[in-house]
Amino acid sequence: MSRKKKPHTKAQAYTYNWAHVLMASPTEPMPEATRTHHLSKIWQALASIEAAPHPTNEDWRLCSDAVNYMETLVRGGVCQDASGLITDAIEALALAFKRSLQAGGTIRLSGQGIQIVRAVLEDYARVLETIPNRQAVLTHMKTERRVREYLTGKRRPPDVELIAA
């Protein structure tokens, strides 16, 4: 008798695995086409949060993920927080999501929140042009793991709580 496999859902899948790490260049930055695709999705998501009639949770997630990647890079000593705004960007995104849950409306950043998140995303774009692709892939893996731990209740001191009890 064979064992039934659990259905594989996107929520369970990680973006990268160790094979991706080994295949990524240890010296060259992320390929330009990949980097352009990745960043264009993030910039479109921020534009949606800023001005679209109905920005989605996916728009918020893309921006939050990019800010979280940047936080992982800074915590790991890979780069500096050039704008000094990573914590502020995390809080602005968390507050925007919390407001949308409480008001039952759309996800919107405050005017200052938009400027803060934009500055961090600009720093992130510059960092991706310079760090080796292998480091970018490792950062993505570490960040996904940290976010999943957070979502399953394993909190760390610098984590921002999204929903107040």
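Note that the structure is predicted; figures quoted are calculated from it, not measured. (Residues numbered from 1 in each chain as written. Predicted model: local features only at pLDDT ≥ 70, side-chain atom pairs only at ≥ 80, totals over all residues. Heavy atoms only, no water.)

(A) Structural detail: the overall build of the chain. Across its full length, the chain holds six helices and zero strands. For the chain, contacts bridging at least 24 residues in sequence account for 74% of all contacts bridging at least 6. Surface exposure of the chain reaches about 10300 Å², of which carbon and sulfur atoms provide 56%. (Helix = DSSP H or I, 4+ residues; strand = E, 2+ residues; numbered from the N terminus. Contact = heavy atoms within 4.5 Å. Areas by Shrake-Rupley, 256 points an atom, 1.4 Å probe, with all protein chains shown as cover.)

(B) Broad picture of the packing of helix α3 (residues 57-75) against helix α5 (residues 111-130). Between α3 and α5, the least distance of the axes is 10 Å, while the angle of their chain directions is 60°. The orientation of α3 relative to α5 falls into the category oblique. Once α3 is placed against α5, the crossing between them reads as left-handed. Taken together, the residues of α5 that come into contact with α3 (itself represented by Cys63, Ala66, Val67, Tyr69, Met70 and Leu73) are Val120, Leu121, Asp123, Tyr124 and Val127. For the contact of α3 with α5, the residue count by class is ten nonpolar, no polar and one charged. (Axes fitted to C-alpha atoms, helices over the stretch in contact; angles between N-to-C directions. Parallel < 35°, antiparallel > 145°, perpendicular 65-115°, else oblique. Left-handed = near helix turned anticlockwise from the far one by under 90°. Nonpolar A, V, L, I, M, F, W, Y, C, P; charged D, E, K, R; others polar.)

(C) Quick look at the packing of helix α4 (residues 86-103) against α5. At a minimum axis distance of 9 Å, the contact between α4 and α5 shows a crossing angle of 130°. Relative to α5, the element α4 lies oblique. Here the hand of the crossing between α4 and α5 comes out left-handed. Across from Ile86, Asp88, Ala89, Ala92 and Leu93 in α4, the residues of α5 making contact are Gly113, Ile116, Val117 and Val120. Grouping the constituent residues of the contact of α4 with α5 by class yields seven nonpolar, one polar and one charged.

(D) Quick peek at the confidence of the model for the chain. Per-residue confidence for the chain averages 86 on the pLDDT scale, and 86% of its residues sit at or above 70. Across the chain, the secondary-structure element scoring lowest on mean pLDDT is helix α1 (residues 18-23), at 83, and the one scoring highest is helix α2 (residues 32-51), at 96. (pLDDT = per-residue confidence, 0-100.)

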